[in-house]
Amino acid sequence: MTSPLAKQPPTTGKTSLYRLRSSDPTSENLRSLLLRRYLEREGFHARQFTNGPLEGLLVTGTVAPGTAGWCSMLSGLTGLTVEEENRTSFGLLLVRTDRHIYALSYGMGHLMLDPSRIDPGFGIEFAVRCLEKDRITRVRRQVMDARGRTDENSATSGEHIRGFGIEEFGEIVSQISGQVSGVPLTFTRDGSRPAHITGNDRSIKLHLGRNPDALFSDLQAVERVCARPDPLPEFEFITQVRPLQGKSDLARRLDERLDSLLGSEDVRQMALTVPSEARERFDLAEAFRVSVAGHRETVTDLDAESLVRTAKSQVPGRRLEALRKGRVTMFADTDASDPISRALPADQWLTVQIPDANVHYFYWQGRWYEVGAEYLTMIRRRVTELLSRPTSITLPPWPARTSEDKYNELASEQEGYLLFDKNTVRTKRLRGGGLEICDLLGPEGQLIHIKRADGRKGTAPLNHLFAQGRMSLETLRYDAAAKRRFIEKIDHTAPDHPADRSFTNPTVVFGIFLKGGVPMTVDSLFAFAQVSLLHTETALRGMGAELEVVSIRRGGRDRTGS
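Residues numbered from 1 in each chain as written. Predicted model: local features only at pLDDT ≥ 70, side-chain atom pairs only at ≥ 80, totals over all residues. Heavy atoms only, no water.

A. View of the overall build of the protein chain. Summing up its helical and strand segments, the protein chain has 13 helices and 26 strands in all. The principal-axis extent of the C-alpha atoms belonging to the protein chain is close to 95 × 60 × 55 Å. Taking all 562 residues of the protein chain together, 51% fall into the buried category. Intrachain contacts of the protein chain at a sequence separation of at least 6 include 68% that bridge at least 24 residues. Accessible surface, the protein chain as shown: approximately 26,900 Å² in total, 47% of it carbon and sulfur. (Helix = DSSP H or I, 4+ residues; strand = E, 2+ residues; numbered from the N terminus. Buried < 20%, exposed > 50% of the residue type's maximum accessible area, 1.4 Å probe, protein only. Contact = heavy atoms within 4.5 Å. Areas by Shrake-Rupley, 256 points an atom, 1.4 Å probe, with all protein chains shown as cover.)

Right under this line is the structure:
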């Protein structure tokens, strides 16, 4: 008889669970879901099985490529012989149900799956339908703007989903972890412990039953959760943006449309983005070397137009490929002799919007994403509200053939307005560089930033404007030396100016002149710029500032100064 104190064998095991795309799960040839090179590799075995309610395919194998790469280094450092072998195991269990085909991965087994057959929405779809809103432990998200930033935050004991500060506009949640409730898994069946799961854009990591009946029951429980028509209310906003599998038919069709767009004259649906790897040093870059399709060019200002120009000369069907194979390198000097980044794929510097009937697709960081109609409606409503707010300043019409600096001089002629264009502050925090706190200071201390946005250059100028407004306020908030020097500039120029020198609750104004003096509306702003604008408003509001946007009309007077 087994002692009541004897340790019982575990009834579950932690597993990565994938859902695979199939038009007919009950008859699909399971081998077709795998990469052929693993099925044909020596030492790998694929065996069909039926065991109780489970029916599927088991694939296992081990790769032993030889001596580990670090052995020679240790031998050189110590003078001793080091010969250790790397061994990597692969285990993959494919299981059918009436609705789907699932893959349970062990070791590096997931590498055997054909990437185009993995359902990219599965993990997030499950998580947002069963997670406890107050027990979220980790969130990873990408920001859909020119910063190219990835954030990951964790809370060991769990907290409310809103505590992670996820922006409802333009953030892609690619992974979320926490406790689940209301899911009758084998792991939670005794009621004594909660289940912790991690859902990402490819899989779910969770405890699943270790015997055939328990596993099959767990798969059915997962299916019932995914069949719920809507995510939980607290998580609904997460599902509005969905990554597409890179090798899917839809992604291939979008690649073709992007390739065609690269051959046109219109770059209004394109914008410059900054790869995550390059973000930290991007502001220090003085030159960029663009190498695409055998053509090399060094530019001091990188924009969408210069990237598109390098690919445009390629024959149809090869333009996007040229960008993917092309490279962009950042340099700290204008002579392009001091590199501050490795050569990064050129397509990762470009983001593109492709509108379709009820959804929009956008290419970002080398990957396609789908944005649902409800999400776009929500963004348009917020942007429309922002653009319709009354403004506290006036800006004159923009005369024809007038440069940006001459326009700033014109606007500063109004009573109470001070000109600070190119009048920078310098501090140690700015690493020796100068920063414009604003182009103009308004009559009540408004921090005014002016930008002429040429539609041919997409949203690069607007992204720069929004980033400038945010950075200048952050500098006033967190760099005491910069704030003191800016106040000194105000006092020197106009000591009686009524601006509140504390800048505790300032008003930030973006004055924008679209090409031809087109009124700035939700329809004249590229969708990517709309997301950036809303993100900027959220950031400014978090620092106690109000945001106003002024659409500058076209004028007739020439102020070029020539």
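B. The arrangement of the nonpolar core in detail. Among the nonpolar cores identified, the biggest contains 53 residues, and Leu447, Phe486, Ile512 and Leu533 are the most heavily contacted of them. If you tally residues by element for this core, the top one is helix H9 (residues 373-387), at seven residues. With residues up to four places along the chain from it excluded, the contact list for Leu533 reads Leu386, Leu387, Phe466, Phe510, Leu525, Leu547 and Val549. If you look at the next biggest cluster of nonpolar residues, it comprises 40 residues, including Leu17, Leu54, Ile176 and Leu185. (Core = buried A, V, L, I, M, F, W, Y, C linked by side-chain atoms within 4.5 Å.)

C. Summary view of the environment of Phe288. With respect to the helices and strands, Phe288 occurs in strand S13 (residues 287-292). Excluding its chain neighbours within four sequence positions, the residues that come into contact with Phe288 are Phe282, Glu297, Thr298, Val299, Thr300, Leu302, Val328, Thr329, Met330 and Trp349.

D. Just H9, in detail. Look at H9: 21 Å from first C-alpha to last across 15 residues, which is about the 21 Å you get at 1.5 Å a residue. Of all the positions in H9, only Tyr375, Leu376, Met378, Ile379, Val383, Leu386 and Leu387 are classed as buried. All buried residues of H9 project into a common sector of 160° when viewed along the axis, lining one side. Residues of H9 that are exposed and point more than 90 degrees away from the buried face comprise Glu374 and Arg381. Residues of H9 that are buried in the fold lie against strand S8 (171-180), strand S11 (241-243), strand S18 (360-364), strand S19 (367-371), helix H13 (527-542) and strand S26 (546-551). (Expected span 1.5 Å × (residues − 1). Arc of directions from axis to C-beta.)

E. Quick peek at the sheet that holds strand S16 (residues 344-345). The antiparallel open sheet is built from four strands, whose spatial order is S14-S13-S15-S16. If you trace the sheet from one side to the other, it starts and ends with strand S14 (295-299) and S16, each paired once. Strand direction decides the pairing type here: S13 and strand S15 (residues 327-331), joined by five bridges, are antiparallel. Along S15, the bridge assignment pairs Phe288 with Met330. (Pairing = 2+ DSSP bridges.)

F. Spatial organisation of the packing of aromatic side chains. Under the criterion given, the structure shown has 15 aromatic pairs. Counting every residue linked through ring pairs, the aromatic cluster contains Tyr38, Phe44 and Phe90. Seen from the ring of Phe187, Arg193 lies directly overhead, with NZ or CZ sitting 3.9 Å from the centre. (Phe/Tyr/Trp six-rings, centres within 6.5 Å; stacked < 30°, edge-to-face > 60°. Lys NZ or Arg CZ within 6 Å of the ring centre and 35° of its normal.)

G. Focus on the side chain of Arg117. With respect to the helices, strands and loops of the structure, Arg117 is situated in the loop between strand S5 (101-107) and helix H3 (122-127). Among the residues examined, Arg117 registers a relative accessible area of 18% and is labelled buried. Arg117 has contacts with Arg19, Leu20, Arg21, Ser22, Glu28, Ser32 and Leu33, leaving out every residue within four places of it along the chain.

H. Examining the pattern of salt bridges more closely. For the structure on display, the rule yields 24 salt bridges. A salt bridge links Arg96 to Glu55, with the shortest nitrogen-to-oxygen separation between them at 3.0 Å. Residue Arg96 is located in strand S4 (residues 85-96), and its partner Glu55 is located in strand S3 (residues 54-67); the two are separated by 41 residues in the primary sequence. Here Arg96 falls in the buried class, since its relative accessible area comes to 14%. Put simply, Arg140 and Glu152 hold a salt bridge, and the shortest N to O gap is 2.7 Å. Taken together, the residues Arg140 in strand S6 (residues 131-143) and Glu152 in strand S7 (residues 150-159) connect sequence positions 12 residues apart. (Salt bridge = Lys/Arg side-chain N within 4 Å of Asp/Glu carboxyl O.)

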